[in-house]
Amino acid sequence: MQQRIEQEWDLSIDPDTVRLFILKAKALSAAVNEDYDDGAEHEVEFDGDTHDNHHHDGLAEEASEDLTEEEFRELINDLNVDEAAELVALVWVGRGDYDASEWTDAVAAAKERSNKRTAKYLLGMPLLADWLEEGLEAIGA
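Residues numbered from 1 in each chain as written. Predicted model: local features only at pLDDT ≥ 70, side-chain atom pairs only at ≥ 80, totals over all residues. Heavy atoms only, no water.

Is there a simple way to think about empty space enclosed by the protein in this case?
A water-sized probe rolled over the atoms picks out the places where empty space is left. If you walk through the whole model with that rule in mind, you get 1 cavity of 30 Å³ or more. Lining the largest cavity are Val81, Ala84, Ala85, Val88, Ala110, Arg113, Ser114 and Thr118. At 4 residues, the largest contribution of residues to the lining of the largest cavity is made by helix α3 (residues 81-95). (1 Å grid on protein atoms, 1.4 Å probe; cavity = no way out; pocket = protein on both sides within 12 Å on 5 of 7 lines; lining within 4 Å. Points joined across faces, edges and corners; volume = space filled by probe spheres on them. Helix = DSSP H or I, 4+ residues; strand = E, 2+ residues; numbered from the N terminus.)

Written as structure tokens, this is what we have:
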């Protein structure tokens, strides 16, 4: 009979911090999806029949989205090397690049690629929130 081996995850990054990143990534993803659901510019209705295209011109709606992205970048940039590597490793585990049993290898590989563009790298992932959630679940954190 095979015994289940319990893995002790000694994370530098607090799982609650990762959950905050998940929420921020979902907010960013929702903002992008709302803006581009139909692939067209926003339409402004005047009389019920007449429509005019509304082009974004840097008003409050855009500023709030940019603030979320800026905040996300600042949070990532505030992480130390170990925390940033673990965040990237969680994405890789969640995406299926590594299995949870290969956690140490994933973190080591993330540290090797570590650079100042971690925020840009992560923000470029369309399923970032999902992969972070799946990574946390995979390691049981």
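How do you make sense of the environment of Leu136 when you look at a structure like this?
Inspection of the secondary structure assignment puts Leu136 in helix α6 (residues 128-139). The exposure class assigned to Leu136 is buried, which follows from its relative accessible area of 5%. Not counting chain neighbours up to four residues away, the residues in contact with Leu136 comprise Pro15, Val18, Arg19, Ile22, Leu90 and Ala141. (Buried < 20%, exposed > 50% of the residue type's maximum accessible area, 1.4 Å probe, protein only. Contact = heavy atoms within 4.5 Å.)

What should I look at first to understand the environment of Glu70 in this one?
Within the fold, Glu70 resides in helix α2 (residues 60-77). Expressed as a C-alpha distance, the spacing of Glu70 and Ala119, which sit 49 residues apart in the sequence, is 9.8 Å.

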